[in-house]
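Examining the three-dimensional arrangement
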Amino acid sequence: MTYPGVYSTVFVEYTDATPNTSFLVPSGYVAVVRQFSIWATLAEVNVTLVNQNPATGNYVVLAGVITAGFPAGEQQSGRWVVPPGNVIALLGGVVGTGLNAYVGGYLLSDASV
């Protein structure tokens, strides 16, 4: 028996030019968030990574970053599972310039669906 390869994918890639802050996990898939990174050239950053149910608006905090400086940045690694139909989202804000955020991991076929 052979299995398909598993490759990393980008869920959220935020810059000033491309202000993307969320990713909807499609039906039939499960997302596994492996990395959450924030970088700002000059800022005070308070950003939370969440697993949000769009039907209720409720969310579970997966990770958070509170940092300040010149430059300001932090990264966190994990294995946070987000079910189909939920949203991987960044909440919070930044005071300053040059915010960049990255959320990546695996998008796996959900055989139980």
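Residues numbered from 1 in each chain as written. Predicted model: local features only at pLDDT ≥ 70, side-chain atom pairs only at ≥ 80, totals over all residues. Heavy atoms only, no water.

Moving on: the overall build of the chain. Helix and strand content of the chain: zero helices and eight strands. Starting at the N terminus and ending at the C terminus, the chain contains elements arranged as β-β-β-β-β-β-β-β. With respect to the three principal axes, the spread of C-alpha positions in the chain is 50 × 35 × 25 Å. Every one of the 113 residues in the chain was classed for burial, and the buried ones make up 36%. In the chain, 77% of the contacts between residues at least 6 apart in sequence involve partners at least 24 apart. Here the chain displays about 6600 Å² of accessible surface, and carbon together with sulfur accounts for 56% of that area. (Helix = DSSP H or I, 4+ residues; strand = E, 2+ residues; numbered from the N terminus. Buried < 20%, exposed > 50% of the residue type's maximum accessible area, 1.4 Å probe, protein only. Contact = heavy atoms within 4.5 Å. Areas by Shrake-Rupley, 256 points an atom, 1.4 Å probe, with all protein chains shown as cover.)

Okay, the environment of Gly 73 next. Secondary-structure assignment places Gly 73 in strand 6 (residues 72–82). Beyond its immediate stretch of four places on either side in the chain, Gly 73 contacts Ile 38, Trp 39 and Thr 67.

In this section: the environment of Ala 17. With respect to the element layout, Ala 17 can be found in the loop between strand 1 (8–14) and strand 2 (22–24). Between the C-alpha atom of Ala 17 and that of Tyr 106, which follows or precedes it by 89 residues, the distance is 25 Å.

Read from one edge to the other, the open sheet built from four strands follows the order 2-7-4-5, with strand pairing classed as antiparallel. A strand with exactly one partner marks an edge of an open sheet, and here the two such strands are strand 2 and strand 5 (59–69). Mean inter-strand twist for the sheet, computed between neighbouring axes without regard to direction, equals 10 degrees. (Pairing = 2+ DSSP bridges. Axes fitted to C-alpha atoms, helices over the stretch in contact; angles between N-to-C directions.)

What follows deals with the sheet that holds strand 1. Strand order in the open sheet made by the four strands is 1-8-3-6, with antiparallel pairing throughout. With partners counted over all chains shown, the strands left at the sheet margins are strand 1 and strand 6, one partner each. Between one strand axis and the next, the sheet turns by 15 degrees as a mean value, whatever way the strands run. Of the pairings in the sheet, the one linking strand 3 (residues 29–40) to strand 6 comprises nine bridges and is antiparallel in character. Within strand 6, the position partnered with Ser 37 by the bridge is Gln 75.

Counting 24 residues, the largest nonpolar core has Phe 36, Leu 49, Ile 88 and Val 103 as its most contacted members. Of the residues forming this core, the biggest block, five residues, is contributed by strand 3. Those residues within four positions of Leu 49 in sequence are excluded, and the remaining contacts are Val 33, Phe 36, Val 60, Val 61, Leu 62, Ala 63, Trp 80, Ile 88, Ala 89, Leu 90 and Val 103. (Core = buried A, V, L, I, M, F, W, Y, C linked by side-chain atoms within 4.5 Å.)

A few words on a nonpolar patch on the surface. A cluster of nonpolar residues, Tyr 59, Val 61 and Leu 91, forms a patch on the protein surface that exposes about 270 Å² of accessible area. With respect to the element layout, Val 61 can be found in strand 5. (Patch = residues over 30% accessible without salt bridge, like charges linked within 9 Å, V, L, I, M, F, W, Y side chains within 5 Å. Salt bridge = Lys/Arg side-chain N within 4 Å of Asp/Glu carboxyl O.)

Mean pLDDT for the chain: 87, with 93% of residues reaching 70 or above. The spread of mean pLDDT over the elements of the chain runs between strand 7 (residues 87–97), the lowest at 83, and strand 2, the highest at 97. (pLDDT = per-residue confidence, 0-100.)

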